[in-house]
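Read off the chains here:
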Amino acid sequence: SQQGEEDPQALSIQEGENATMNCSYKTSINNLQWYRQNSGRGLVHLILIRSNEREKHSGRLRVTLDTSKKSSSLLITASRAADTASYFCARNAGGTSYGKLTFGQGTILTVHP
Amino acid sequence: NAGVTQTPKFRVLKTGQSMTLLCAQDMNHEYMYWYRQDPGMGLRLIHYSVGEGTTAKGEVPDGYNVSRLKKQNFLLGLESAAPSQTSVYFCASTRTGTINQPQHFGDGTRLSIL
């Protein structure tokens, strides 16, 4: 069963605008990861944020984590047409989970030039 | 450095046929995973392996078998394909089960069962 919910399911913006995607989960995490998937391709890892971290940056990407609300958000600033893709959050429970991830259903981002 | 390679990329089967999907990684990763991706469902874990010679069930294992005879390869088998197994299959690997490691994905196998 899916352990996470992503919101919105689809997002359409203009180039240069910011895109924010949200992820909620139900059970405790060790870390939360964000992945990107271009059409017809596999998933590519973007950012991993640990449960004791609140914010992380990578280039134009900013991820926040609020463990009290069991939610995370991914912000893409100054978006480009090349950012058009599906974005997934994935929860790692740690412990004896053997690195397993539980994925949300994803947000489809379309950036119009 | 190829990373994770999946073969074949596409396949059409008839109901009841069998086939094997191959995943190969060249990163000396210990852990490997098979997922399926259906529209609007995200990825769901089918089976995984924590090392050569080991396999374990994931969230949706029914109708699938796996083998990990060599560390670099993880095979997913469908013994008697059913239309419900029409999906895109992704293989992933990670260095170890140590926490805070990302997974590396192949480009998927698109499987249609008629």
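Residues numbered from 1 in each chain as written. Chains lettered and ligands numbered in written order. Predicted model: local features only at pLDDT ≥ 70, side-chain atom pairs only at ≥ 80, totals over all residues. Heavy atoms only, no water.

Caption draft 1: Structural detail: the state of the cysteines. Taken as a whole, this structure holds 2 disulfides over all chains when the rule is applied. Across the disulfide from Cys23 of chain A sits Cys89 of chain A; the S-S distance is 2.0 Å. In this structure the cystine formed by Cys23 of chain A and Cys89 of chain A twists about its S-S bond by roughly 70°; its chirality is therefore right-handed. One end of the pair, Cys23 of chain A, is in strand S3 (residues 19-25); the other, Cys89 of chain A, is in strand S9 (residues 85-92), with 66 residues separating them in the sequence. Per residue, the accessibility class of Cys23 of chain A equals that of Cys89 of chain A, and both read buried. Disulfide partner of Cys23 of chain B: Cys91 of chain B, at an S-S distance of 1.9 Å. (Disulfide = S-S within 2.5 Å. Helix = DSSP H or I, 4+ residues; strand = E, 2+ residues; numbered from the N terminus. Buried < 20%, exposed > 50% of the residue type's maximum accessible area, 1.4 Å probe, protein only.)

Caption draft 2: Highlighting the interface of chain B and chain A. Residue-level contacts link 24 residues of chain B with 25 residues of chain A. Carbon and sulfur atoms make up 51% of the surface buried where chain B meets chain A, a total of about 1900 Å² over both sides. Three residues stand out in chain B for area buried against chain A, namely Leu43, Asn100 and Phe105 of chain B, and they jointly supply 25% of the buried area on that side. Inspection of the region where chain B meets chain A yields 1 salt bridge. For the side of chain B that touches chain A, the secondary structure elements donating two or more residues are strand S4 (31-37) and strand S5 (43-49) of chain B. Class assignment for the residues of the side of chain B that touches chain A results in 12 nonpolar, 8 polar and 4 charged. (Contact = heavy atoms within 4.5 Å. Buried area = accessible area lost by both parts, 1.4 Å probe. Salt bridge = Lys/Arg side-chain N within 4 Å of Asp/Glu carboxyl O. Nonpolar A, V, L, I, M, F, W, Y, C, P; charged D, E, K, R; others polar.)

Caption draft 3: Just the side chain of Glu6 of chain A, in detail. Residues and elements named next belong to chain A. Inspection of the secondary structure assignment puts Glu6 in strand S1 (residues 4-7). Within the buried core, Glu6 has no salt-bridge partner, and the shortest N-O distance to an opposite charge, that of Arg91, equals 11 Å. Looking at Glu6, its side chain comes within polar contact range of the main-chain nitrogen of Gly106, at 3.1 Å. If sequence neighbours within four positions are ignored, Glu6 has contacts with Asn22, Cys23, Trp34, Tyr87, Phe88, Cys89, Gly104, Gln105, Gly106 and Thr107. (Lys, Arg positive; Asp, Glu negative; His and termini not counted. Polar contact = N/O pair within 3.5 Å; in protein donor to acceptor, adjacent residues only side chain to side chain.)

Caption draft 4: Looking closely at the side chain of Ser79 of chain A. As for its placement among the helices and strands, Ser79 of chain A is situated in the loop between strand S8 (71-76) and S9. Excluding residues that lie within four positions of it along the chain, Ser79 of chain A makes contacts with Ile13, Gln14, Glu15, Gly16, Glu17, Arg60 and Val111 of chain A.

Caption draft 5: How the structure looks around the environment of Asp62 of chain B. Structurally, Asp62 of chain B is set in the loop between strand S6 (56-57) and strand S7 (64-67). C-alpha of Asp62 of chain B to C-alpha of His47 of chain B: the two residues are 15 residues apart in sequence and 9.7 Å apart in space.

Caption draft 6: Region of interest: the nonpolar core. Counting residues in hydrophobic clusters, the biggest one holds 21 residues, and the most contacted among them are Met21, Leu32, Trp34, Leu74, Ile76, Tyr87 and Leu109 of chain A. Examining the composition of this core, we find that 4 residues originate from one element, S3 of chain A, more than from any other. Setting aside its immediate chain neighbours within four residues, Leu109 of chain A contacts Leu11, Ile13, Ala19, Met21, Ile76, Asp83, Thr84, Ala85 and Tyr87 of chain A. Counting 19 residues, the second-largest nonpolar core is a separate cluster that includes Met19, Trp34, Tyr64 and Leu111 of chain B. (Core = buried A, V, L, I, M, F, W, Y, C linked by side-chain atoms within 4.5 Å.)

Caption draft 7: Region of interest: the packing of aromatic side chains. Counted by the stated rule, this structure contains 10 aromatic pairs over all chains. Measuring from ring centre to ring centre gives 6.1 Å for Phe103 of chain A and Phe105 of chain B, while their planes differ by 75°; the resulting arrangement is edge-to-face. In this pair, Phe103 of chain A is assigned in strand S10 (residues 102-103) and Phe105 of chain B in strand S10 (residues 104-105), connecting two distinct chains. Here the two residues Phe103 of chain A and Phe105 of chain B agree in accessibility, since each one is buried. Pairwise contacts between aromatic rings join Tyr35, Tyr98 and Phe103 of chain A together with Tyr31, Tyr33, Tyr35, Tyr48 and Phe105 of chain B into one cluster. (Phe/Tyr/Trp six-rings, centres within 6.5 Å; stacked < 30°, edge-to-face > 60°.)

Caption draft 8: Fine view of the pairing of strand S4 (residues 31-37) of chain A. Residue and element names in this part refer to chain A. Most of S4 sits out of view: 7 of its 7 residues are buried. Neither face of S4 is left uncovered, since the one carrying Asn31, Gln33, Tyr35 and Gln37 and the one carrying Leu32, Trp34 and Arg36 both have all their residues buried. As paired strands, S4 and strand S5 (residues 43-50) are joined by 7 bridges and run antiparallel to one another. Across the sheet, Arg36 pairs through a bridge with Val44, a residue of S5. (Pairing = 2+ DSSP bridges.)

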